[in-house]
Amino acid sequence: MPKQLIVSHICYPQVAILDDGRLCRLLSDKPSAQTGDIYLAKVVRLLPSLMMAFLDIGEPKNAVLTLTKDSQIRQGQYIMVMIGRPAYAQKGATATTAISLSSPYVVYKPDDVGVRISHKIPKNIAQHIKHAITATMKDEHLQGGIIIRTSAQTVDIATILEHIGKLYQTGQHIKNHAHKKPCRLYRVPLPLSVFVHDADSKKIDEILIDDKTLYDEWCDFVGQFLPHLTDKIKYRTPSLFDGHDIYAQLRQALSPYVPLPSGATLVIDECEAMTVVDVNTGSLVNSSKNLIYQANLEASQAIAFELKLRQIAGLVVIDFIDMKNTQHQQAVYDNLKKHLADDPAKIRLLPLNEFGLVQLSRERTSLRLSDMYAEPCSACQGDGITTQKASVLAIIAQLTTFTHQHLSSKDEIVLRVSNNIAKILLNSMDFVKIQTALHEQLSLKIINTYCDDKYDILFHTIK
């Protein structure tokens, strides 16, 4: 099967990257502040001793700005900032005054100077690109600094200059529309987030989109920045997320248990301070050294995949099944290192320590899946999590499929949900639209005995 990029609007725009039908990444365009967004912010509090400032950016939580020793920022001042890391858990977003705008080939920094080229581009090509861009910027009186990405070596100078011109125009538009009120001035387009910041999207065979508005937006972006992908974009209905079982795979990605082919199991515990991954023997048929070695090899590959899929960041501690053979230990470590190399996030991997543990740190580039789609369970007072957010999205996706079918007056859809899910659905405009489209064929029943995230969708024809 091809490597697919699936785009849908289920409550908000979402993108799934599938490889042979398997969910590799799930990205969303929620309305909250995201990495790369630019805001006009008001400094509401200064902590000079901690070199920090708190900023009102017009969002529920204040953003945090790290100050420099020579910082001239004052309380009450309005400044333009860019989000470096979105808010998560109880922490607000982090911001920076180093503004930049990106395209798939170029990074434009309005407050910088000079032209820099990726060191991965061969020197002869880099010199040619730098000379041409420097001359053009001087002739066109374009201000700012330019960074040329590695991917730019595959396109001609005219394309690079076109990207610079568009980013410069965007920068000017942002400056001209800044007002004396905390607000967002620029939203990173979802296609840009996918194609620039996600390595899994570099070799996409087809882009399938089931929402007409999103389809037009993606066609416009690809036409401007990535015209070679134009023929790969296709409009499809009904709900693609339902048809490709995206939310079933999401629920598995929110589970702490990951079964391995050998019968062993990964147990992933996402704590606030760190994430602990335990490789459990599970249902291994015996405890022979070779079988344990093979299970640890499977685990090392699966761990690298799960860290990226779940967007786990910060400190990670891995406890493999005990191995006495030092060659086996090294082979498992090397296999983990090999598969982590494909991760676009920066990773620092430490050697296997004397307790048989591997420690690593992973850069936070976005919210964890558990932050976006899970929440504390009301039944166990926060000791566990519930996936009711994912359940709501799955319900809307599946019901959207029904709205595209030719149902008769005798067809009936019964949606049975928990009380919590019912509350969320009845406050969702997407669900209200579905209720209108399905008329009397859809009935909602609240089952008080259902746990937070349990639901059933029953379809039958009245005889």
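Notes on the structure in this doc start here. Since the structure is predicted, the reported quantities are computational estimates derived from the model, not experimental observations.

**Side note on the sheet that holds strand 10 (residues 106–109)**
Here comes step 1: The sheet built from four strands is open, its strands ordered 9-10-12-11 with mixed pairing. With one partner strand each, in any of the chains shown, strand 9 (101–102) and strand 11 (115–117) form the two edges of the open sheet.
Here comes step 2: Contacts from helix 1 (residues 123–140) reach strand 11 and strand 12 (145–148), with the element oriented near 160° to strand 11.
Here comes step 3: Lying over the sheet, helix 2 (residues 157–176) contacts strand 9, strand 10 and strand 12, oriented at roughly 35° with respect to strand 10.

**Some details on the pairing of strand 17 (residues 265–270)**
Here comes step 1: For strand 16 (residues 257–259) and strand 17, the ladder comprises three bridges, and the chain directions are antiparallel. Counted as the bridge partner of Tyr257 is Val267 from strand 17.
Here comes step 2: Between strand 16 and strand 17, which pair antiparallel one after the other, the connecting turn spans five residues, and Gly263 there sits at a positive phi close to 105°.
Here comes step 3: Count of turn residues in the strand 17/strand 18 (residues 275–280) antiparallel hairpin: four residues.

**What about the pattern of salt bridges?**
Here comes step 1: One pass over the full model with this rule turns up 12 salt bridges.
Here comes step 2: Its salt-bridge partner being Glu206, residue Lys234 comes within 3.6 Å of it at the nearest N-O pair. Remark: Glu206 occurs in strand 14 (residues 206–209) and Lys234 occurs in strand 15 (residues 233–235); sequence separation between them is 28 residues.
Here comes step 3: The class for Lys234 is partly exposed, based on a relative accessible area of 30%.
Here comes step 4: Ionic pairing is found between Glu270 and Arg368, a salt bridge with its closest N-O pair at 3.5 Å.

Quick notes on the rules
- Residues numbered from 1 in each chain as written.
- Predicted model: local features only at pLDDT ≥ 70, side-chain atom pairs only at ≥ 80, totals over all residues.
- Heavy atoms only, no water.
- Pairing = 2+ DSSP bridges.
- Helix = DSSP H or I, 4+ residues; strand = E, 2+ residues; numbered from the N terminus.
- Contact = heavy atoms within 4.5 Å.
- Axes fitted to C-alpha atoms, helices over the stretch in contact; angles between N-to-C directions.
- Salt bridge = Lys/Arg side-chain N within 4 Å of Asp/Glu carboxyl O.
- Buried < 20%, exposed > 50% of the residue type's maximum accessible area, 1.4 Å probe, protein only.

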